[in-house]
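Descriptive structure summary
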Amino acid sequence: MKTSIFWVGIPLFLMVPLAQADGGRDRAQGPCYSVNIQNDHVNQSDVQQDCDMNFSRTVQAGTDNRASTIQTGDVNNNKVRQYQYAPPRDRMSGERD
């Protein structure tokens, strides 16, 4: 078994110099994704996307939630969910975090 792995690995190793990396695409030509999940007392989300296709999802749970999204493209899809959440009081002192 070990010898078969060795003989399969040699051709793969020899092909490494033939591999070419992509020089990186312009993000404006493809889809852009943004996902924000926030669970603090104060939550702030600012999303700005400028691609052909823009997708954004934001979920916030806290006492003060703010979200702003700007999308410019052929397809723009945005969803924001905000939940009002007050953390439980400390049982010993009666104070909040």
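Just so it is clear, the model here is predicted, and its values are computed rather than measured.

1. Considerations on the pattern of salt bridges
A complete count under the given rule lists one salt bridge for this structure. Residue Arg66 pairs with Asp64 through a salt bridge whose shortest N-O separation is 3.4 Å. Taking the relative accessible area as the measure of exposure, Arg66 reaches 48% and is therefore partly exposed. A residue is classified by how much of its surface remains accessible, and Asp64, at 26% relative accessible area, is partly exposed.

2. Brief notes about a nonpolar patch on the surface
On the surface, Val35, Ile37, Val59 and Tyr83 cluster together into a nonpolar patch covering about 420 Å² of accessible area. Locating Ile37 in the fold gives a position in strand E1 (residues 31–38). When its relative accessible area of 70% is taken as the criterion, Ile37 is described as exposed.

3. Digging into the sheet that holds strand E3 (residues 53–62)
Sheet strands line up and pair through hydrogen bonds in the backbone, either parallel or antiparallel. Ordered by their spatial adjacency, three strands build an open sheet running E1-E3-E5, and the pairing between neighbours is parallel. Edge positions in the sheet fall to E1 and strand E5 (75–84), since each has one partner strand and no second. With strand direction ignored, the average angle separating the axes of adjacent strands in the sheet is 0°. Across eight bridges, E1 lies against E3 in parallel orientation. Directly across from Ser34, in E3, lies its bridge partner Ser56.

4. Considering the state of the cysteines
As used in these notes, a disulfide is a covalent bond between sulfur atoms, one from each of two cysteines. Summed over the entire model, instances satisfying the criterion amount to one disulfide. Bridging Cys32 to Cys51, the disulfide has an S-S length of 1.7 Å. Taking the torsion about the sulfur-sulfur bond, which here is approximately -40°, the covalent link between Cys32 and Cys51 counts as left-handed. Note that Cys32 is positioned in strand E1 and Cys51 in the loop between strand E2 (42–49) and E3, a separation of 19 residues in sequence.

5. Structural notes on the pairing of E2
Here E2 shows a buried face lined by Asn43, Ser45, Val47 and Gln49 and an unburied face lined by Val42, Gln44, Asp46 and Gln48. By the bridge criterion, eight bridges tie E2 to strand E4 (residues 64–71) in an arrangement that is parallel. Counterpart to Val47 in the pairing with E4 is Thr69.

Conventions adopted
Residues numbered from 1 in each chain as written. Predicted model: local features only at pLDDT ≥ 70, side-chain atom pairs only at ≥ 80, totals over all residues. Heavy atoms only, no water. Salt bridge = Lys/Arg side-chain N within 4 Å of Asp/Glu carboxyl O. Buried < 20%, exposed > 50% of the residue type's maximum accessible area, 1.4 Å probe, protein only. Patch = residues over 30% accessible without salt bridge, like charges linked within 9 Å, V, L, I, M, F, W, Y side chains within 5 Å. Areas by Shrake-Rupley, 256 points an atom, 1.4 Å probe, with all protein chains shown as cover. Helix = DSSP H or I, 4+ residues; strand = E, 2+ residues; numbered from the N terminus. Pairing = 2+ DSSP bridges. Axes fitted to C-alpha atoms, helices over the stretch in contact; angles between N-to-C directions. Disulfide = S-S within 2.5 Å.

Functional significance is not addressed by these values, which are geometric in nature.
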